[in-house]
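Commentary on secondary and tertiary structure
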Amino acid sequence: MEFIKSHPARIYAVLVAALALVVHYVPELPSALILALAAAVLGTGEAVQRAEDRKTAGAGEGIEDERQGDDQADA
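First, a word on what this report is: a plain description of the structure on this page. Being a predicted model, the structure only gives us computed values, none of them experimental.

**Some words on the overall build of the protein**
Looking only at helices and strands, the protein has three helices and zero strands in total. Each helix and strand of the protein, ordered N terminal to C terminal, gives the series α-α-α. Of all 75 residues assigned to the protein, the portion counted as buried reaches 5%. When the accessible surface of the protein is totalled, it reaches about 6,100 Å², and 63% of it is carbon and sulfur.

Written out as structure tokens, the structure reads:
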């Protein structure tokens, strides 16, 4: 579970690539199924983006805390 939390964008990319291959090599899939999967992929992409944004924001907060500590040590 920790791997999933650490690398959601990589997992998402692999799943989307696999889905594209399946759609290409199995042409008899119903178009309704393909459209539903496309909608699910877009929704999952939004969730992955938000997870990455939280990680980025958390990393920025850590940098701010370190800078404040350095400023206090200089005083």
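Picking up where we left off.
**A short note on the pattern of salt bridges**
Under the counting rule described, the total for this entry stands at two salt bridges. Lys55 is paired through a salt bridge with Glu52; the nearest N and O atoms lie 3.3 Å apart. One end of the pair is Lys55 and the other is Glu52, both in helix 3 (residues 31-74) and three residues apart, which spans about a single turn. Taking the relative accessible area as the measure of exposure, Lys55 reaches 36% and is therefore partly exposed.

Calculation notes
- Residues numbered from 1 in each chain as written.
- Predicted model: local features only at pLDDT ≥ 70, side-chain atom pairs only at ≥ 80, totals over all residues.
- Heavy atoms only, no water.
- Helix = DSSP H or I, 4+ residues; strand = E, 2+ residues; numbered from the N terminus.
- Buried < 20%, exposed > 50% of the residue type's maximum accessible area, 1.4 Å probe, protein only.
- Areas by Shrake-Rupley, 256 points an atom, 1.4 Å probe, with all protein chains shown as cover.
- Salt bridge = Lys/Arg side-chain N within 4 Å of Asp/Glu carboxyl O.

Any functional reading would require information that these geometric values do not contain.
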